[in-house]
Amino acid sequence: MQSLELKYGLNPNQKPARIFAASGELPVKVLSGKPGYINFLDALNGWQLVRELREATGLPAAASFKHVSPAGAAVGMPLTEELRRSFFLPPDEPLSPLASAYARARGADRMSSFGDFIALSDPCDAPTARLIAREVSDGVIAPGYEPEALEILSKKRKGAYNIVRIDPAYSPDAAETRTVFGITFEQGRNDLSIGTTHLQNVVTREKDIPESAVRDLVVAMIALKYTQSNSVVYAEDGQTIGVGAGQQSRIHCTRLAGDKADLFHLRLHPKTLALKFRDGLGRPERDNCMDGYLLNLPEVFDHWEDFFTEKPAPIWPDERRAWLDTFTGVSLASDAFFPFGDNVERAVKSGVTYIAQPGGSIRDDNVIEACDRHGIRMAFTGARLFHH
């Protein structure tokens, strides 16, 4: 039995801790650092997510994981000038498709991605490594590392950055187990392959779902598969823009993810992009400051000199609503059915035009009616995606 000793489990008092393969060899090799228990939970869930995104879309994929849920996930679509500015990227920095995927995954919710564990679908290249090097991150898992990329990452955290290589050919057993309070649970592994076939049962009056929205719905559904339930994901342009994870109430998932999607869009507002940060303000400090600015927190505006060289102009409520109303075509997926139409009413405020959810509620007709009222296209996937 091959095993890898860990510093401790979920908490420092939970010792000893290890990961092990009951038979054969572990499919992972630590190239640098000493990953912990939660690091490996994030790494292995993240790897599954990006591997499935790669298979479903044919594009390089990246995920930014925190506490066993993705803060962001994306495929390698090119970045606009506005997105580069929002993600604090120089306009002329060369980005590979994989680097673009990570920039998007990290940029989906930069506050939540602080200290993330990164998963990459493809061997890490130098442009991606350079992005990772400048962010606060716990580690990365990938099927390989180009020599220059490994050299860049090996210098992070004075050589202590967690770098994990996974065998891309590894396939686990069909059954999986876990132990809780001394009792062992066993179930079949969730090997559901998510794709366009899950979007064929469009139950609303409006039926057309363009190719770009199909891609985004697939991205959202695969992200859901590895997000703590209950969960709802908003997606746009090949990336998640709002993940509402681990809520007991469906509408709270929809609100949480929608609020995050709104913040993502508000980061692109001209007033936000025009913020003049003080020299020497680090990326995490800028993220915190921008979040406070968008939430109109007094500590940002009352002490603006600590963060900016010029006093920032607030985005007034009517300006916020007008800006958010310019965004349409957002996709949303839910890991279980919508029990009420209130989820649709909240979603439409964040530009949602396309929805994928399992269906099966006794109030499906109410949810469909709400979609028809707003011209939303909704597919019943028939696939529940709970994850715990």
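Whatever comes next refers back to the structure up there.
A short tour of the structure in this document, coming up. (Residues numbered from 1 in each chain as written. Predicted model: local features only at pLDDT ≥ 70, side-chain atom pairs only at ≥ 80, totals over all residues. Heavy atoms only, no water.)

## Regarding the overall build of the chain
- Helix and strand counts for the chain come out as 13 helices and 15 strands.
- Its C-alpha atoms give the chain a radius of gyration of 21 Å, near enough to 21 Å, the size a compact globule of 388 residues would have.
- Projected onto its principal axes, the C-alpha positions of the chain cover 60 × 55 × 40 Å.
- For the chain, with 388 residues in total, the buried portion stands at 54%. (Helix = DSSP H or I, 4+ residues; strand = E, 2+ residues; numbered from the N terminus. Rg over C-alpha atoms; globule rule 2.2 N^0.38 Å. Buried < 20%, exposed > 50% of the residue type's maximum accessible area, 1.4 Å probe, protein only.)

## Examining the pairing of strand S9 (residues 175-180)
- The pairing of S9 with strand S10 (residues 183-188) spans six bridges and is classified as antiparallel. Residue pairing for S10: Thr-179 is matched across the bridge by Thr-184. (Pairing = 2+ DSSP bridges.)

## Points about the packing of helix H7 (residues 250-266) against helix H11 (residues 317-324)
- Taken N-terminus to C-terminus, the directions of H7 and H11 make an angle of 95°; their axes are 10 Å apart at the nearest point. The angle between H7 and H11 falls in the class roughly perpendicular. On H11, the residues touching Asp-262, His-265 and Leu-266 of H7 are Arg-320, Trp-323 and Leu-324.
- Its residues assigned to classes, the contact of H7 with H11 shows three nonpolar, one polar and two charged. (Axes fitted to C-alpha atoms, helices over the stretch in contact; angles between N-to-C directions. Parallel < 35°, antiparallel > 145°, perpendicular 65-115°, else oblique. Contact = heavy atoms within 4.5 Å. Nonpolar A, V, L, I, M, F, W, Y, C, P; charged D, E, K, R; others polar.)

## Overview of a nonpolar patch on the surface
- Taken together, Val-180, Phe-181, Ile-183 and Phe-185 make up a surface patch of nonpolar side chains, about 490 Å² in accessible area.
- Locating Val-180 in the fold gives a position in strand S9.
- Classification of Val-180 as partly exposed rests on a relative accessible area of 42%. (Patch = residues over 30% accessible without salt bridge, like charges linked within 9 Å, V, L, I, M, F, W, Y side chains within 5 Å. Areas by Shrake-Rupley, 256 points an atom, 1.4 Å probe, with all protein chains shown as cover. Salt bridge = Lys/Arg side-chain N within 4 Å of Asp/Glu carboxyl O.)

## A few points about the state of the cysteines
- Summed over the entire model, instances satisfying the criterion amount to zero disulfides.
- The thiol of Cys-253 is not disulfide-bonded; the next cysteine sulfur, from Cys-371, is found 17 Å away.
- Note on Cys-253: relative accessible area 0%, which makes it buried. (Disulfide = S-S within 2.5 Å.)

## A word on unusual backbone geometry
- The peptide bond linking Lys-15 to Pro-16 adopts the cis configuration, its omega dihedral lying at -5°.
- Mapped onto the fold, Pro-16 is located in the loop between strand S1 (2-6) and strand S2 (17-21).
- A positive phi angle, close to 65°, is found at Val-68, a residue other than glycine.
- Relative to the assigned elements, Val-68 resides in the loop between strand S4 (61-66) and strand S5 (69-75).
- Residue classification places Val-68 among the buried residues on the basis of a relative accessible area of 18%.

## What about the pattern of salt bridges?
- Across all of its chains, the model carries 25 salt bridges by this definition.
- Residues Arg-283 and Glu-135 are paired through a salt bridge, measuring 2.9 Å at the closest nitrogen-oxygen approach. With Arg-283 in helix H9 (residues 283-294) and Glu-135 in the loop between helix H4 (126-133) and strand S7 (137-142), the pair connects residues that are 148 residues apart, well separated along the chain. Accessibility assignment for this pair places Arg-283 and Glu-135 in one class, buried.
- Residues Asp-335 and Arg-250 are paired through a salt bridge, measuring 2.6 Å at the closest nitrogen-oxygen approach. A residue pair is termed long-range when its members are at least 10 positions apart, and Asp-335 in the loop between strand S13 (330-334) and helix H12 (342-348) and Arg-250 in helix H7 qualify at 85 residues.

## Some remarks on the nonpolar core
- Core analysis: the biggest nonpolar cluster contains 48 residues, and Leu-120, Val-140, Leu-153, Tyr-234 and Ile-355 have the highest contact counts within it.
- Per-element tally for this core: the top contributor is helix H3 (residues 97-107), with six residues.
- Core analysis: the second largest hydrophobic core is formed by 46 residues, Ile-19, Ala-61, Val-75 and Val-202 among them. (Core = buried A, V, L, I, M, F, W, Y, C linked by side-chain atoms within 4.5 Å.)

## Some details on the environment of Ala-105
- Residue position: Ala-105 is located in helix H3.
- A relative accessible area of 0% places Ala-105 in the buried class.
- Once residues lying within four places of it in the same chain are set aside, the contact partners of Ala-105 are Ala-62, Ala-63, Ser-64, Gly-72, Ala-73, Ala-74 and Ser-113.

## Digging into the packing of aromatic side chains
- In the structure shown here, the tally under the stated rule is six aromatic pairs.
- A centroid spacing of 5.5 Å and a plane angle of 75° characterise the contact between Trp-323 and Phe-327, whose relative ring orientation is edge-to-face.
- Every member of this aromatic cluster is reached through a ring pair, and the members are Phe-88, Phe-277, Phe-307 and Phe-308.
- Directly above the aromatic system of Tyr-161 lies the positively charged group of Lys-156, at a separation of 5.4 Å from the ring centroid.
- Geometry around Phe-88 places Arg-286 over its ring, the cationic atom sitting 4.5 Å from the centre. (Phe/Tyr/Trp six-rings, centres within 6.5 Å; stacked < 30°, edge-to-face > 60°. Lys NZ or Arg CZ within 6 Å of the ring centre and 35° of its normal.)

## A word on helix H13 (residues 364-374)
- Those residues of H13 lying buried are Asp-364, Val-367, Ile-368, Ala-370, Cys-371 and Asp-372.
- Residues of H13 that are buried make contact with H12, strand S14 (352-357) and strand S15 (377-380).
- Positive phi appears at Gly-375, one or two residues downstream of H13, with a value of about 70°.

## Topic: the side chain of Asp-335
- Look at Asp-335 and you get buried, because its relative accessible area is 0%.
- A distance of 2.7 Å separates polar atoms of two side chains, one belonging to Asp-335 and the other to Ser-229.
- With residues up to four places along the chain from it excluded, the contact list for Asp-335 reads Leu-224, Ser-229, Asn-230, Ser-231, Arg-250, Pro-358, Arg-384, Leu-385 and Phe-386. (Polar contact = N/O pair within 3.5 Å; in protein donor to acceptor, adjacent residues only side chain to side chain.)

Function cannot be inferred from these measures alone, as they are strictly geometric.
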